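One-letter residues, chain by chain:
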Amino acid sequence: VSAMLSRVNILVMCSAILWASAFAVCPDNWKQENCLGSSGNLGKGVVVEPYTQEKIVWEKNLQSHSHYTINPSTTALFVIDPQEVYSKCPEKLSVEDLVKSPTAEDFKGHSPLCCEQFFEAVANQNKIAAAARSRNMPVFVHAHVYRDFSDDGKPTNCGRLCDFDILGWSGWPEAWNLWNAALPWHKPVFAPETPGGFEADTQRDFYCEKSVFSGMTDKVVNKLIEQKIDTIIVTGFMTQYCSVTTSRHAHDLGFKVIFVQDANDGPMLQQFVTGTDENHLVPFYLGIAVADVTSTEEVLKQLELPDGEL
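What you see is a predicted model, and the numbers here were worked out from it, not measured in a lab.

Q: Quick rundown of the nonpolar core? Include the residues and the values.
A: By size, the foremost hydrophobic cluster in this structure holds 52 residues, and its most contacted members are Y86, W179, F198, I233, F237 and V299. For this core, the element with the most residues is helix α4 (residues 118-134), which contributes seven residues. Setting aside residues no more than four positions away along its own chain, Y86 makes contact with D81, L113, C114, C115, F118, W179, F237 and M238. Residues C208, I229, C242 and V282 belong to the second largest nonpolar core, which totals 27 residues.

Here you go:
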């Protein structure tokens, strides 16, 4: 593994280290006070109380259900992890191509966790974010990143994820390197640098890095409390990891959770291996007792400005 990492580092390390150093925990041109820093500490306790019950009622045979009413003054949008680890797909989507080692001569920088609907999901995230900002709703842009804060050449904040070497059999370095700040896959995919990337408003949106699956870190939860938020709209990557964990965590903290099915996506590799489409299975289970599962169209309809308002 060490020899393999050395080769990967030779290919990408020089430019990546310079980029990561400049990026730190606040992207270029981002309003400094809107950068919440990096955290692996989770928000605790029930923070939204007392709260008023609003029922989600399912129709017969679980075909559809009612939706939460979106109050822009108490709702925040989460855009979870729009990063290269999920956008970099190989030319051919197959297990063999997805797990192709970075040491292969024809390796072109793809990620084995590429989400085949990444840019479609981001397009929907952009629509919702634009509507949210028009209603003065806060937008939280998350990024999952492991950083070396101790200058010893190893990530300081990786936690238990560093225990897992799921891709070692295929010649990949340990999987946590896909979020390593010293390697390129961790970089956010922002427009206009990347056509079709997330259109962040660096003067209004909040930027927050996390080293855990949940986006409800202490820094984020404190900001939500400060802004009197009781409802979270969840979009992002990956559906069955950070998106679902954030949804469940926010639910347990007392927030109303709105999960936008067509603004989330997960990796194609796991779909190939398991034969299960996470974008159908995960939202269904969330909708039973965790979140209001909805569509971009429905969210935009609720966020339309009343006639005469700008």
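Q: Tell me about the pairing of strand β2 (residues 75-80), and name the residues and values.
A: Counting buried positions along β2 gives six out of six residues, so the element sits mostly inside the fold. The two faces of β2 match: T75, L77 and V79 on one face and A76, F78 and I80 on the other face are all buried.

Q: Go over the packing of α4 against helix α9 (residues 296-303), please, and point to the residues and values.
A: In the contact formed by α4 and α9, the axes pass within 10 Å of each other and the chain directions differ by 10°. With respect to each other, α4 and α9 are oriented roughly parallel. Along the contact surface, α4 presents N124, K127, I128, A131 and A132, while α9 presents T296, V299, L300 and L303. In terms of residue class, the contact of α4 with α9 is built from six nonpolar, two polar and one charged.

Q: Can you break down helix α5 (residues 218-226) residue by residue, with the values?
A: The complete set of buried residues in α5 reads V220, V221, K223 and L224. Down the axis of α5, the smallest arc covering the buried residues is 160°, so these residues share one side. Packing partners of the buried residues in α5 comprise β1 (35-39), β2, β3 (139-144), β4 (206-210) and β5 (231-237). Backbone geometry just after α5 places K228 at a positive phi near 60°.

Q: So, the state of the cysteines: which residues are in play, and what are the values?
A: A complete count under the given rule lists three disulfides for this structure. Between C89 and C114 runs a disulfide, and the two sulfur atoms are separated by 2.4 Å. Where C89 bonds to C114 through sulfur, the torsion about that S-S bond is close to 100°, and the disulfide is right-handed. With C89 in the loop between α2 (84-87) and α3 (95-98) and C114 in the loop between α3 and α4, this pair connects stretches of sequence that are 25 residues apart. Accessibility expressed as a relative area gives 33% for C89, which makes it partly exposed. Residue class for C114 comes out buried when judged on its relative accessible area of 0%. Disulfide pairing is shown between C158 and C162; the S-S distance is 2.0 Å. On the sign convention where negative means left-handed, the S-S torsion of about 105° between C158 and C162 marks this disulfide as right-handed. Classification of C158 as buried rests on a relative accessible area of 5%.

What counts, and at which threshold
- Residues numbered from 1 in each chain as written.
- Predicted model: local features only at pLDDT ≥ 70, side-chain atom pairs only at ≥ 80, totals over all residues.
- Heavy atoms only, no water.
- Core = buried A, V, L, I, M, F, W, Y, C linked by side-chain atoms within 4.5 Å.
- Buried < 20%, exposed > 50% of the residue type's maximum accessible area, 1.4 Å probe, protein only.
- Helix = DSSP H or I, 4+ residues; strand = E, 2+ residues; numbered from the N terminus.
- Contact = heavy atoms within 4.5 Å.
- Axes fitted to C-alpha atoms, helices over the stretch in contact; angles between N-to-C directions.
- Parallel < 35°, antiparallel > 145°, perpendicular 65-115°, else oblique.
- Nonpolar A, V, L, I, M, F, W, Y, C, P; charged D, E, K, R; others polar.
- Arc of directions from axis to C-beta.
- Disulfide = S-S within 2.5 Å.

The analysis is restricted to geometry; functional conclusions fall outside its scope.
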